[in-house]
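These are the residues of each chain, in order.
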Amino acid sequence: DLVVASDTLYYPRRTYERLARTFGALTSAGGTALLSYKVRHGHEPGFARLLVERGFELLHEEEAGAAASLRLVELGARARE
């Protein structure tokens with residue numbers, strides 16, 4: 001399984017918890033989640049940390065664009081207990 005999300009990290013306090021639950025529900029064990037976003041407010045890296053806390057493994061993270069304002073994060077879903 002592959003879940004792809006792009007530019008979904010606008011409102012950290014209001015949406016990150018719900019978005020993390022959605023990633024968990026959509027990504028089966030052994031699946032991959034790809035997340036791309038533009039850095040706007042500095043809270044965006046916290047979302048990947050939240051997914052790691054919820055059982056994902058950080059596989060790859062890459063910066064691109066002018067002043068590294070674009071990020072690509074690849075996460076793997078571990079087996080759920």
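Above this note sits the structure.
First things first, this report covers the structure right here in the doc. (Residues numbered from 1 in each chain as written. Predicted model: local features only at pLDDT ≥ 70, side-chain atom pairs only at ≥ 80, totals over all residues. Heavy atoms only, no water.)

**Observations regarding the sheet that holds strand β4 (residues 70-77)**
Okay, step 1: On the basis of which strands lie adjacent, the open sheet formed by four strands has the order β1-β2-β4-β3 and mixed pairing. In this open sheet, the two edge strands, each paired with only one partner strand, are β1 (2-6) and β3 (56-64). Averaged over neighbouring strand pairs, the angle between their axes works out to 15° when direction is ignored.
Okay, step 2: Pairing between β1 and strand β2 (residues 32-38): five bridges, direction parallel. Across the sheet, L2 pairs through a bridge with T32, a residue of β2.
Okay, step 3: The strands touched by helix α1 (residues 12-26) are β1, β2 and β3; relative to β1, the strand with the most contacts, the crossing angle is about 155°.
Okay, step 4: Strands β2, β3 and β4 of the sheet are contacted by helix α2 (residues 45-53), whose axis makes an angle of about 5° with β4. (Pairing = 2+ DSSP bridges. Helix = DSSP H or I, 4+ residues; strand = E, 2+ residues; numbered from the N terminus. Axes fitted to C-alpha atoms, helices over the stretch in contact; angles between N-to-C directions. Contact = heavy atoms within 4.5 Å.)

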